[in-house]
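So the chains spell out like this:
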Amino acid sequence: MSSPRRRQRSVRLMVAVTLLVSAALLVLGAVISGSSLVTTIAALGGVALGAAATKITHAELLQTRRDWARDRAQQAQAYADLSERRTKEHTEVLATLQARIAAKESAIGELEVAVTEAQGRAAQLARKMSAEARRADLAEGEATEIRARLEEADQRAAEAIVRLAELELEQQALKAELDVWTSTPVRKHA
């Protein structure tokens, strides 16, 4: 479409140039002839040919401006279409990204809840472990105290056994002495 229009324009301009050159040659020929009637007719013909060339050039100029305006309108429409497509694409991408962000935020929220619960369980287990450690320390302290008391009781039992053995020996000695006293006839002392 662009190529024929360009040829037509060049034909129009060639015609206008040819008319102007013809007018110039006509006037020049009339001036050379020296006849005032021929010069007047040639001058009027030159003006008419110049006016026709001007009209053709003006029409060409108006056509060129209309073509440029049409091209600009088509270009503006193409940009508007492109902008509309890009806006739709942007909206789709934005919706996709927002959906991804929402999914990620949901996953993060779930993870935060899971971490909070895990921290709660860990704190509870730490408290239980601390309580068990205190009970173990108390039990160890009690065991140490019981061992000390047991050793003390063992020592007292050993002392009691020794003392019992001493008392038994003493009892046997006293019994033997008693037997000796009872078996000996009683003498009267005067």
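What you see is a predicted model, and the numbers here were worked out from it, not measured in a lab.

Residue-level account of the overall build of the protein chain, with values.
Along the protein chain, the regular secondary structure elements total two helices and zero strands. Oriented by its inertia axes, the alpha-carbon framework of the protein chain measures out at about 220 × 30 × 25 Å. Classification of the 190 residues of the protein chain by burial places 7% in the buried group. Carbon together with sulfur atoms contributes 64% to the accessible area of the protein chain, which is approximately 15,900 Å² in total.

Hey, could you go over a nonpolar patch on the surface for me, with residue numbers and the actual values?
On the surface, Val17, Val21, Leu25, Leu28 and Ile32 cluster together into a nonpolar patch covering about 500 Å² of accessible area. Along the chain, Leu28 falls in helix H1 (residues 2-33). Taking relative accessible area as the criterion, Leu28 reaches 49% and is therefore assigned partly exposed.

Give a description of the pattern of salt bridges that names residues and reports values.
Within this structure, the stated rule accounts for seven salt bridges. Notably, a salt bridge pairs Arg163 with Glu166, separated by 3.5 Å at the nearest N-O pair. Here the residue Arg163 and the residue Glu166 both occupy positions in helix H2 (residues 36-183), the gap between them amounting to three residues, near one helical turn. When its relative accessible area of 40% is taken as the criterion, Glu166 is described as partly exposed.

Describe H2, naming the residues involved and giving the relevant values.
Owing to its 3.6 residues per turn, the α-helix brings residues three or four apart onto one side. Here H2 is 148 residues long and its end C-alpha atoms lie 209 Å apart, about the 220 Å a rise of 1.5 Å per residue gives. Those residues of H2 that fall on the buried side of the exposure criterion are Ala42, Gly46, Gly50, Ala53, Glu60, Gln63, Thr64 and Asp67.

Pulling in residues and values, what's your account of the environment of Ala165?
For Ala165, the position within the fold is in helix H2. With a relative accessible area of 35%, Ala165 lands in the partly exposed category. For the pair formed by Ala165 and Ser10, sequence separation is 155 residues and the distance between their alpha carbons is 151 Å.

Could you give an account of the environment of Val47, with specific residues and numbers?
With respect to the helices and strands, Val47 occurs in helix H2. As for Val47 and Val27, which are separated by 20 residues in sequence, their C-alpha atoms are 9.7 Å apart.

Residue-level account of the side chain of Gln63, with values.
Tracing the backbone shows Gln63 in helix H2. A relative accessible area of 19% means that Gln63 is categorised as buried. A distance of 3.0 Å separates polar atoms of two side chains, one belonging to Gln63 and the other to Arg66.

About the cut-offs
Residues numbered from 1 in each chain as written. Predicted model: local features only at pLDDT ≥ 70, side-chain atom pairs only at ≥ 80, totals over all residues. Heavy atoms only, no water. Helix = DSSP H or I, 4+ residues; strand = E, 2+ residues; numbered from the N terminus. Buried < 20%, exposed > 50% of the residue type's maximum accessible area, 1.4 Å probe, protein only. Areas by Shrake-Rupley, 256 points an atom, 1.4 Å probe, with all protein chains shown as cover. Patch = residues over 30% accessible without salt bridge, like charges linked within 9 Å, V, L, I, M, F, W, Y side chains within 5 Å. Salt bridge = Lys/Arg side-chain N within 4 Å of Asp/Glu carboxyl O. Expected span 1.5 Å × (residues − 1). Polar contact = N/O pair within 3.5 Å; in protein donor to acceptor, adjacent residues only side chain to side chain.

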